[in-house]
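Here are the chains, one letter per residue:
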Amino acid sequence: MAILILLALLFLFVVTLLAKTVRIVPQARAGIVERFGKYKQTLPAGLNIVVPFIDKVRYLIDLREQVVSFPPQPVITEDNLVVSIDTVIWFQVTDPIAATYEIANYIQAVEQLTMTTLRNIVGGMDLEQTLTSREQINTGLRGVLDEATGKWGIRVNRVEIKGIDPPPSIKDAMEKQMRADRDKRASILTAEGQRQSSILTAEGNKQSAILNAEGDRESQILRAQADRESSILRARGEGQASQTVFQAIHDGNPDQSLLAYQYLQMMPKIAEGGANKLWIVPSEIGKALEGLGSTMNHLKGIPEHVEGPKTRVDMGSMEPAKLAGSGALAEDELAKANDAVQAAIAEAAQAANTSKSAAEAAATPAPPADPEAPPAQ
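Read on for an overview of the structure. Predicted model, so just to flag it, every value in this text is computed and none were measured.

Quick notes on the packing of helix 3 (residues 106-122) against helix 5 (residues 134-149)
Argument step 1. In the contact formed by helix 3 and helix 5, the axes pass within 10 Å of each other and the chain directions differ by 135°. Here helix 3 is positioned oblique relative to helix 5, judged by the angle of their axes. Handedness of the crossing formed by helix 3 with helix 5: right-handed. Across the interface between the two elements, Val110, Leu113, Thr114, Thr117, Leu118, Ile121 and Val122 from helix 3 touch Ile137, Gly140, Leu141, Val144, Leu145, Ala148 and Thr149 from helix 5.

What follows is the structure, encoded as structure tokens:
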């Protein structure tokens, strides 16, 4: 039994001895070995053998790039405004021995150095420069930190300012200023838009007025040309009509009887009209007809009787063969027409005399009867 206990204790000692002798270091790590409290060596990544109970792996240093975000810190600007700035730092351990023995806590040291350097840089800027000069602040921080942490075995790769928060009152003032600036730009843009709109509207009205004037001018020109051509054509038509009528009258060889007949035809037109309620035949119509006849007898170029055949207008009452048969038939028809005209003139004269006598009798009161006067014939 005692032998079994001894063997068990021996096995346990061997296992512990192997555990103390063989050390495995992960990738991107470095092990700091101390012998009796003094630095002995640095173990690389992989399988390593140390002297058990004499050598001890004191620190295991991470050689990868690390990211550390520091909480917001109050910083006073040049114009005495307190702003809160939080930063982010990317760093990497390049010397595990210096990072272990040159500084107790290099992360805390980097944080404090960052805050002091940030206060120093931002203290020389006003608020406007602080808000717009992030790249300048980042470059200044990186330069100072890289120089200070070099002896610690640390390399600062990058420094970024994550946020800059001014006081609430300054935020309100900045928002008001920004709102006023935007309102000003909006007003300027609105005014420019209205100006462009007015200019375009004026140009459009100008072009419209020009086009309307050109259209009116062309319309007046065309209307004047149309009126001129219409007047010319109307004058030509009236001239041709007058020439045709004049030529027709001369070709027909008119005499005094035809003119008297035309005068009788014009008399009913005198009585036409809605205002003529009563048409009085003048008592001098007979004398007028006689004077017209005597005047017509003395008109130059119009004979009292025309010798030779008369040219008549075919009204469709007779066939062309009968009119063109013989000269004796045409003379008989012309004689009948002249007789009809003379009969119409005589009836008109008689009617005029009768109307005159009636009118005089009606207008003149009858004188008192004279017993000594002879009886009227």
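Some thoughts on the nonpolar core
Argument step 1. Membership of the largest hydrophobic core comes to 33 residues, with the highest contact counts inside it found for Ile85, Ile89, Phe91, Tyr106, Leu118 and Ile137.
Argument step 2. Ranked by residue count, the leading element in this core is helix 3, at eight residues.
Argument step 3. Residues contacting Ile85, with those up to four places away along its chain left out, are Pro71, Pro72, Gln73, Val75, Leu118, Val122, Ile161, Gly163 and Ile164.
Argument step 4. Membership of the second largest hydrophobic core comes to five residues, among which are Val25, Leu43, Val50 and Val57.

Focus: the side chain of Thr149
Argument step 1. Tracing the sequence through the fold places Thr149 in helix 5.
Argument step 2. A polar contact is formed between the side chain of Thr149 and the backbone oxygen of Leu145, at a distance of 2.5 Å.
Argument step 3. Those residues within four positions of Thr149 in sequence are excluded, and the remaining contacts are Val110, Leu113, Ile154 and Val156.

Quick notes on the pairing of strand 3 (residues 38-43)
Argument step 1. Alignment of strand 2 (residues 29-35) against strand 3, held across five bridges, turns out to be antiparallel. In the sheet register, Gly31 faces strand 3, and the bridge partner there is Leu43.
Argument step 2. Counted along the chain from strand 2 to the antiparallel partner strand 3, the turn is two residues long, and its residue Phe36 has a positive phi close to 55°.

Examining helix 5
Argument step 1. Look at helix 5: 22 Å from first C-alpha to last across 16 residues, which is about the 22 Å you get at 1.5 Å a residue.
Argument step 2. Every buried residue of helix 5 is accounted for by Ile137, Asn138, Leu141, Leu145 and Thr149. Buried residues along helix 5 cover an arc of 95° about the axis, so they all sit on one side. When the buried face of helix 5 is taken as reference, the exposed residues oriented beyond 90 degrees from it are Glu135, Gln136, Thr139 and Glu147.

Some details on the environment of Ile97
Argument step 1. Among the secondary structure elements, Ile97 is positioned in helix 2 (residues 96-101).
Argument step 2. Taking C-alpha positions, Ile97 is 8.7 Å from Tyr39, a pair spaced 58 residues apart along the chain.
Argument step 3. Each residue touching Ile97, except ones within four places of it in the same chain, is listed here: Ile32, Tyr39, Thr42 and Glu102.

Looking at unusual backbone geometry
Argument step 1. Residue Phe53 is not a glycine yet carries a positive backbone phi of 65°.
Argument step 2. Residue position: Phe53 is located in the loop between strand 4 (46-49) and strand 5 (55-62).
Argument step 3. Residue classification places Phe53 among the exposed residues on the basis of a relative accessible area of 54%.
Argument step 4. Phi at Asn80 takes a positive value of approximately 60°, unusual for a residue other than glycine.
Argument step 5. Relative to the elements of secondary structure, Asn80 occurs in the loop between strand 7 (73-76) and strand 8 (82-93).

Some words on the sheet that holds strand 3
Argument step 1. Overall, antiparallel pairing links the three strands, which are arranged 3-2-5 in an open sheet. The open sheet has two free edges, formed respectively by strand 3 and strand 5, since each of these has just one partner strand. Averaged over neighbouring strand pairs, the angle between their axes works out to 30° when direction is ignored.

Let's talk about the pattern of salt bridges
Argument step 1. Using the criterion set out here, one finds seven salt bridges in the structure.
Argument step 2. Salt-bridge contacts for Asp62 lead to Arg29; the nearest nitrogen and oxygen are separated by 3.4 Å. Pair noted here: Asp62 is in strand 5 and Arg29 is in strand 2, with a separation of 33 residues, a long-range link.
Argument step 3. By relative accessible area, Asp62 is classed as buried at 18%.

Quick notes on the rules
Residues numbered from 1 in each chain as written. Predicted model: local features only at pLDDT ≥ 70, side-chain atom pairs only at ≥ 80, totals over all residues. Heavy atoms only, no water. Axes fitted to C-alpha atoms, helices over the stretch in contact; angles between N-to-C directions. Helix = DSSP H or I, 4+ residues; strand = E, 2+ residues; numbered from the N terminus. Parallel < 35°, antiparallel > 145°, perpendicular 65-115°, else oblique. Left-handed = near helix turned anticlockwise from the far one by under 90°. Contact = heavy atoms within 4.5 Å. Core = buried A, V, L, I, M, F, W, Y, C linked by side-chain atoms within 4.5 Å. Buried < 20%, exposed > 50% of the residue type's maximum accessible area, 1.4 Å probe, protein only. Polar contact = N/O pair within 3.5 Å; in protein donor to acceptor, adjacent residues only side chain to side chain. Pairing = 2+ DSSP bridges. Expected span 1.5 Å × (residues − 1). Arc of directions from axis to C-beta. Salt bridge = Lys/Arg side-chain N within 4 Å of Asp/Glu carboxyl O.

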